[in-house]
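# Architecture and fold: a report
Residue-level listing of the chains:
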Amino acid sequence: MAIVTTSPDSVRTTPQPWQAVVRSAIRDPAVLCRRLDLPASLAAQAGVGHRQFRTFVPESFLARIRPGDPQDPLLLQVLPLEQEVNPRPGDMRDPVGDAAAQRAPGLIHKYHGRALLIARGVCAIHCRYCFRRHFPYESAPLTTDQFDEALQIVRNDRSLEEIILSGGDPLMMVDDKLDELIQLIEAIPHVIRLRIHTRLPVVIPSRVTEKLCQLLQHTGMSVIMVAHINHPQEIDESVQQAIARLLRHGVLMLNQSVLLRGVNDRLETLVELSRHLIDMNCLPYYLHQLDRVAGAGHFEVPQTEGESLIRQMREVLPGYAIPRYVREVAGESAKQLIM
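Rules used throughout
Residues numbered from 1 in each chain as written. Predicted model: local features only at pLDDT ≥ 70, side-chain atom pairs only at ≥ 80, totals over all residues. Heavy atoms only, no water. Pairing = 2+ DSSP bridges. Helix = DSSP H or I, 4+ residues; strand = E, 2+ residues; numbered from the N terminus. Contact = heavy atoms within 4.5 Å. Axes fitted to C-alpha atoms, helices over the stretch in contact; angles between N-to-C directions. 1 Å grid on protein atoms, 1.4 Å probe; cavity = no way out; pocket = protein on both sides within 12 Å on 5 of 7 lines; lining within 4 Å. Points joined across faces, edges and corners; volume = space filled by probe spheres on them. Nonpolar A, V, L, I, M, F, W, Y, C, P; charged D, E, K, R; others polar. Buried < 20%, exposed > 50% of the residue type's maximum accessible area, 1.4 Å probe, protein only. Right-handed = clockwise from strand over helix to strand, strands pointing away. Salt bridge = Lys/Arg side-chain N within 4 Å of Asp/Glu carboxyl O.

This part takes up the sheet that holds strand E8 (residues 283–288). Reading across the sheet, the 10 strands line up as E1-E2-E3-E4-E5-E6-E7-E8-E9-E10 and stay open at both edges, with mixed pairing between neighbours. The sheet is open, and its two edges are formed by strand E1 (102–104) and strand E10 (336–337), each paired on a single side. Bridge count between strand E3 (residues 114–120) and strand E4 (residues 162–167): 6 bridges; the pairing is parallel. Residue Leu 116 lies in a different strand from E4, and its bridge partner there is Ile 164. Across the sheet, helix H7 (residues 175–186) is in contact with E3, E4 and strand E5 (193–197); its angle to E4 comes to roughly 155°.

A water-sized probe rolled over the atoms picks out the places where empty space is left. In this structure, the largest pocket spans a volume of roughly 1,100 Å³. Around the largest pocket, the lining is made up of 47 residues, and of these Phe 131, Arg 132, Ser 166, His 197 and Gln 256 lie nearest the centre. Elements with a minimum of two residues in the lining of the largest pocket: E3, E4, E5, strand E6 (222–228), strand E7 (252–258) and E8. Residue composition of the lining of the largest pocket, by class: 25 nonpolar, 11 polar and 11 charged.

A cis amide bond links Gly 167 to the next residue, Gly 168, at an omega of 25°. In this structure, Asp 37 is a non-glycine residue whose phi angle is positive, near 55°. Phi is positive for Asn 281, which is not a glycine, with a value near 60°. Mapped onto the elements of the fold, Asn 281 is located in the loop between helix H11 (267–279) and E8. Relative accessible area serves as the criterion here: at 57%, Asn 281 is assigned to the exposed category.

This structure, assessed with the given rule, holds 1 cavity of 30 Å³ or more. Here the largest cavity is characterised by a volume of approximately 70 Å³. Asn 255, Ser 257, Leu 270, Leu 273, Ser 274, Leu 277, Pro 284, Tyr 286, Leu 287, Met 313 and Pro 323 are the residues that line the largest cavity. Counting residues per element, the lining of the largest cavity draws most heavily on H11, which supplies 4 residues.

The side chains of a regular strand alternate, first on one face of the sheet and then on the other. The element E5 is extensively covered by neighbouring structure, given that 4 of its 5 residues are classed as buried. Direction of pairing for E4 relative to E5: parallel, over a ladder of 4 bridges. Following the sheet pairing, Ile 163 is matched in E5 by Leu 194. Read from E4 through H7 to E5, the crossover connection turns out right-handed. As defined by bridge partners, E5 adjoins E6 across 5 bridges and the pair is classed as parallel. When the sheet's bridge partners are listed, Arg 193 is paired in E6 with Ser 222.

Following the criterion strictly, the structure yields 25 salt bridges and no others. The salt bridge involving Glu 300 is made with Arg 88; its shortest N-O contact spans 2.5 Å. With Glu 300 in the loop between E8 and helix H12 (303–316) and Arg 88 in the loop between helix H5 (73–78) and E1, this pair connects stretches of sequence that are 212 residues apart.

Here's what the structure looks like:
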């Protein structure tokens, strides 16, 4: 398979420990622009959006961004812009209704049979289109014992057979703490599936440690991991190896993307992404219509364009390689299938 690569430094023979990659992440948009040889005027504009939602870009992701290109599709996902402080009419701080669906601190229950735990309130990258960019993470549990109330609700609700770990990013938990939380969930007899939504195998592939793979393999639950890749340029050899390692340990790999203006709103991009995912045995699962979160309106692609892209994908790809085009509507009992 042809994997997009950039610099030889983007793939390390001995990967840097993932915690060190987190600690060294770029937190200043001026530094981000300087490292990528971008105009100083762009850095000044980035400072406006940065004050509302902080910049956070790990070096492992930075290595895949083309220097000197203000329109690079990976850069657009992480560079703050002035437009972020001017929300459009209809934009919301909580577009998917998380607050109304919260049954306990850190426990969100929207859909029958499954509930979501905010396992960690921090991420390994700050995506500018994030639907939880305004989420009150300070109210989410910080330690394992603070999940007691949420887990007791799960124990008492026998309709719940799947727990989704989300955030933030659940893989920002160190292996021991993640293992401890998973064991508490596994001890609930009617919970038979564990789903993990994470960006870490993509932005910091070294997070996929042997210890992580072992603890996921040895749980008694079925484990599904939903990665988040929006553009084929995000896939380098280190990402491919991380996903292969998870697959070898029995983790079912899915991918979800968000349809983003200037990032992946071209047929060629979506087709290439689906082909790369299938060749890695990672099933294209969802293509999300952008959630109308305040600060991300400049990313929105009209639904009619999304529908046209899906129709065109059907002409060149097998059915299993085409993601479900969906949107989330607050208060609904399931995601709405657009195509």
